[in-house]
Amino acid sequence: MARHVSTRRRWFVTVIAWAIGLLMFFPILWTFITSFKTEGEAVASPPSFLFFQWTLENYVEVQRRSDYFRHFSNSVFISFGSTLIGLVIAVPAAWAMAFQPGKHTKDLLMWMLSTKMMPAVGVLVPIYLIFRDLGLLDSRVGLTVILTLIDLPIIIWMLYTYFKEIPVDILEAARMDGAGLWNEILYVLTPMAVPGIASTLLLNIILAWNEAFWTLNLSAAKAAPLTTFIASYSSPEGLFYAKLSAASTMAIAPILILGWFSQKQLVRGLTFGAVK
Amino acid sequence: MGSITLQRVNKAFGDLTVIPAIDLEIADGEFAVFVGPSGCGKSTLLRLIAGLEDVTSGAILIDGKDTTALPPARRGLSMVFQSYALYPHMSVRANIAFPLKMARLPAAEIEAKVQAAARTLNLTDYLDRKPRQLSGGQRQRVAIGRAIVRQPEAFLFDEPLSNLDAALRVQMRLEISELHQALGTTMIYVTHDQVEAMTMADKIVVLNRGNIEQVGSPLDLYRRPDNLFVAGFIGSPKMNFITGPVAAGLDCHTLGVRPEHIAVSTGGGLWTGTVGVAEHLGSDTYLHIHTENLGTLTVRAGGEIMLGHGDTVGLTPDMANLHKFDDKGRAIR
Amino acid sequence: MATQNSRTAARLMVAPSVILLFIWMIVPLGLTIYFSFLRYNLLMPGTEQWAGLLNYQFFLTDPAFLTALVNTVMIVVGVLAITIVGGVLLALLLDQPVIGQGIVRLLVIAPFFVMPTVTALVWKNMFMNPVNGLLAWLQTSMGFTPHDWLAVTPLAAIIVIVAWQWLPFATLILLTALQSLDEEQKEAAEMDGAGPVSRFFYLVLPHLSRAITVVILIETIFLLSVFAEILVTTNGGPGNDSTNIAYLVYAQALLQFDVGGASAGGVVAVILANIVALFLLRAIGKTLEA
């Protein structure tokens, strides 16, 4: 399949592609660089790109002033919690639908997806009131529950498309080889399903980490994850670009790395298997 | 040991009957081939015997015992799948050992049996590889290895060679036949390829739309097909069918003549025609001859024959090897 | 394979998901519809009373609603236009043999992983700020007067910010689809004498049409309810210049505490989203058949 491409054209395309790639990435890079500047340098004109006094002071300051790690742990709790609970509920469901499909399985899948289409504002008011009455406002448990519910259809769908790819032949071979249900699950199914489950886990942690409607509306201080914490920087007091950058860098770095690892699964997950 | 008996076995998916009540007897040590066009129910029948599908009614006896209600794992059968169905996450060694591990054999015994199977199948050098690192033929051997280690009552093969290229297919066909002779175990082999059926089987079961059309040895079916379907399906190139006045003159509705039972001459002959296409295979020549009132006939002639497009030829059928069929397609004997 | 036993087990396995999603769908939505017919303000508890269609009348005749509706459509259309056109071009570019392709890919998709509040704040302050922003500095150094994005063209600013987030998504999906195009088809077209332009229009674009449809539909679902980006940058202002339906409902509910009015708005948003969802589900349903 290797087609001959002239060296000149190859270099030309490479230069353009890198230029656009760097342009797209620039806001993130700029945030990263700014996080090591002093506040004065952060707004200096002309801006300095690399040649300035690099400092870690902002990171220390963000943690000292606003207890960054509490918000970080909230984000971890909520995103991991909702994804894990979602998986526990979704794995059996996706499993049953992939391997014991009935007449209505497709309709059921479509219906589950349709719940995802409901705009959040449509139910903001009652959820807010229910949370207020149950004392769940600004609680990690409350946010975890909500994110579990909004993630569930995507989790089921992703798992379903992965499970669908396990050939039934192989399960039947295990049965012919004398494996009972338990051995079939333990030795054959699980090893083949784990990569799909892991991808689903990864993508949903990313989605939950970045969710910024319910977290903004249902948390304020105590349970605030990073989305809400960062939003508190929207009303500036004095010079704050460097500290904003430091907080932002810490908020996006872990998920950016996870995201880069999961980019292959991303397409399938986000298009509900429509594009692979 | 491994006889298999089907008694009034019937399978329906909802209202759709795939297999109407079938009776069939496969003796211990026999190599039985289920053959038929795709969708004829041959794979379903195999899966019923394997226990991968429930029968709707009827009974399946293995070695005289009723196994109709037993799960696949407890029927003592091994199966080789069309896709090979190797466990992708296990090494070749672990794949072959899997049935033994399920049978809870001691590790040393498992290892010995795996080694023995690997030697038989020339897989010794590949035991630590994963299936995806093997060629098609090697995967096929692993699948067979996984089937033989357990010393089952019978082997089931579901179109095992259809994913291989032609040369490899011929070789594996031979290896499976040799394996059968070496083990002496009952084998049931499903294929749509009548050449595989003819070359491998002790007993061929021809299936069409879920029905058994005929059961018999390869040469039985070749010499004495019960009906038009079997006559047309067994034998290559296909039997010529002639209808109309020529058939009526011989007191039948359809007259069947195999290509190898028509003699070609450059002059004279009972019928005449012109050569359309001549396929020279070296050992044989297949002539496709257009005739005035018999349609196009295929004739098998010697490899050295020098006939080509447009030549006029005379044709003489071998009167001792004519097949006559009535208007329902049944053989008249 | 399916026996009566396994079918019962399958139902039990699906049940928790179905029940949870059913409750999640029915209860809040039912309450929203119920509230939408009430006069209900959180500042005046205990004064709830039946209002009939009054909330809808107020919400739909409020000039803010029309502005928000137009803004919502502008955001959806604007972002879609940028991301689809940009996504196709970028996908075509990244499908070429590029040195260090993997890294370029990572750079291009990175914005998608940045949480919306960070995206919004970074753009608002470090790029679009008329005094200290990088864009202002660029303009000044080229001799122009800096443009105050968020005050003068708030909607365009939000479209730019949101498009930056979604362009990677479109690119990634279109690139995946592009890479599934059969190489032999391209070669066949070349043999048939099709140049690069006609190959794009007669071969590549039709092949991408399905992926483009999917991108349009999925983005639309998310873009209809852009929220964090507005909350953090403009708060819907100045005036209502950058308020969309989602933000309007939020403001009605949690800033003015008008539960009835907000609920009516919520119902309107649900109806709008359902129209889009209908098309999306049909497109995805087709892939289930395949």
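Because the structure is predicted, anything quoted here is derived from the model rather than measured.

### Focus: the overall build of chain C
Part 1: A tally of regular secondary structure across chain C gives 13 helices and two strands.
Part 2: Here chain C has a C-alpha radius of gyration of 24 Å; the compact-globule value for 290 residues is 19 Å, and the former is much larger.
Part 3: The principal-axis extents of the C-alpha atoms in chain C amount to approximately 75 × 75 × 30 Å.
Part 4: Relative to its full complement of 290 residues, chain C shows a buried share of 43%.
Part 5: At a minimum sequence separation of 6, the contacts of chain C that also span at least 24 residues come to 70%.

### Description of the overall build of chain A
Part 1: When its secondary structure is counted, chain A shows 13 helices and zero strands.
Part 2: Mapped from its N terminus to its C terminus, chain A presents α and β elements in the order α-α-α-α-α-α-α-α-α-α-α-α-α.
Part 3: Here the C-alpha atoms of chain A give a radius of gyration of 23 Å, more than 25% beyond the 19 Å that 2.2 N^0.38 yields for 276 residues.
Part 4: Counting over 276 residues, chain A shows a buried share of 50%.
Part 5: Summarising the internal contacts of chain A: among those between residues at least 6 apart in sequence, 78% fall at separations of at least 24.

### Some details on the UniProt feature "transmembrane region" (unreviewed entry) in chain C
Part 1: UniProt annotation of "transmembrane region" (unreviewed entry) refers to residues 12-37, 64-94, 106-123, 155-178, 211-232 and 264-284 of chain C when read in the numbering used here.
Part 2: Spanning residues 211-232 of chain C, this segment combines 82% helix with 0% strand, and its end C-alpha atoms are found 32 Å apart.

### Some thoughts on the sheet that holds strand β1 (residues 4-13) of chain B
Think of a sheet as strands paired side by side through backbone hydrogen bonds, with each pair either parallel or antiparallel.
Residue and element names in this part refer to chain B.
Part 1: Taken in spatial order, the four strands of this open sheet run β2-β1-β4-β5, and their pairing is antiparallel. With one partner strand each, in any of the chains shown, β2 (16-26) and β5 (65-66) form the two edges of the open sheet.
Part 2: Strand direction decides the pairing type here: strand β4 (residues 57-62) and β5, joined by two bridges, are antiparallel. The partner of Leu61 across the bridge, within β5, is Asp66.
Part 3: Those strands touched by helix α1 (residues 42-50) are β1, β2 and β4, and its axis lies near 115° from that of β1.

### A few points about the UniProt feature "domain: ABC transmembrane type-1" (unreviewed entry) in chain C
Part 1: Using the residue numbers shown here, the UniProt feature "domain: ABC transmembrane type-1" (unreviewed entry) corresponds to residues 69-280 of chain C.
Part 2: End C-alpha to end C-alpha, residues 69-280 of chain C measures 21 Å, and it is 76% helix and 0% strand.

### Quick notes on the pairing of strand β7 (residues 154-158) of chain B
Residues and elements named next belong to chain B.
Part 1: With respect to burial, β7 is a largely interior element, five of its five residues being buried.
Part 2: Side-chain alternation along β7 places Ala154, Leu156 and Asp158 on one buried face and Phe155 and Phe157 on a second face that is also buried.
Part 3: By the bridge criterion, four bridges tie strand β6 (residues 77-80) to β7 in an arrangement that is parallel. Of the residues in β7, the one forming a bridge with Leu77 is Ala154.
Part 4: One ladder, built from five bridges, connects β7 with strand β8 (residues 186-191); its direction is parallel.

### Comments concerning the sheet that holds strand β9 (residues 203-208) of chain B
All names here are of chain B.
Part 1: What the six strands build is an open sheet, ordered β6-β7-β8-β3-β9-β10; its pairing is mixed. Bordering the open sheet on either side are β6 and β10 (211-216), each of which pairs with just one other strand. Each strand of the sheet is rotated relative to its neighbour by a mean of 15°, with strand direction disregarded.
Part 2: Judged from the five bridges that link them, β9 and β10 form a sheet pairing that is antiparallel. Bridged to Val205 within β10 is Val215.

### Quick notes on the interface of chain C and chain A
Part 1: Taken residue by residue, the interface counts 85 residues in chain C and 84 residues in chain A.
Part 2: Broken down by element, the residue count for the side of chain C that touches chain A peaks at 17 residues, all from helix α13 (residues 259-289) of chain C.
Part 3: In terms of residue class, the side of chain C that touches chain A is made up of 68 nonpolar, 15 polar and two charged.

### A few points about the interface of chain B and chain A
Part 1: Contact with chain B, which involves 18 residues of that partner, is made by 15 residues of chain A.
Part 2: At the level of secondary structure, the elements contributing two or more residues to the side of chain B that touches chain A comprise β6 and α2 (92-102) of chain B.
Part 3: Residues that form the side of chain B that touches chain A fall into these classes: 14 nonpolar, three polar and one charged.

### With respect to the UniProt feature "transmembrane region" (unreviewed entry) in chain A
Residue and element names in this part refer to chain A.
Part 1: UniProt records the feature "transmembrane region" (unreviewed entry) at residues 12-33, 76-96, 108-131, 143-163, 184-209 and 240-261, using the numbering of this structure.
Part 2: Taken end to end, residues 143-163 is 100% helix and 0% strand, and its two terminal C-alpha atoms sit 29 Å from one another.
Part 3: Across residues 184-209, helical content stands at 100% and strand content at 0%; the span's end C-alpha atoms are separated by 35 Å.

Basis of the calculations
- Residues numbered from 1 in each chain as written.
- Chains lettered and ligands numbered in written order.
- Predicted model: local features only at pLDDT ≥ 70, side-chain atom pairs only at ≥ 80, totals over all residues.
- Helix = DSSP H or I, 4+ residues; strand = E, 2+ residues; numbered from the N terminus.
- Rg over C-alpha atoms; globule rule 2.2 N^0.38 Å.
- Buried ≥ 20, exposed ≤ 12 C-beta atoms within 10 Å, placed from the backbone.
- Contact = placed C-beta atoms within 7 Å.
- UniProt positions renumbered as here; feature names shortened; annotations may be inferred.
- Pairing = 2+ DSSP bridges.
- Axes fitted to C-alpha atoms, helices over the stretch in contact; angles between N-to-C directions.
- Nonpolar A, V, L, I, M, F, W, Y, C, P; charged D, E, K, R; others polar.

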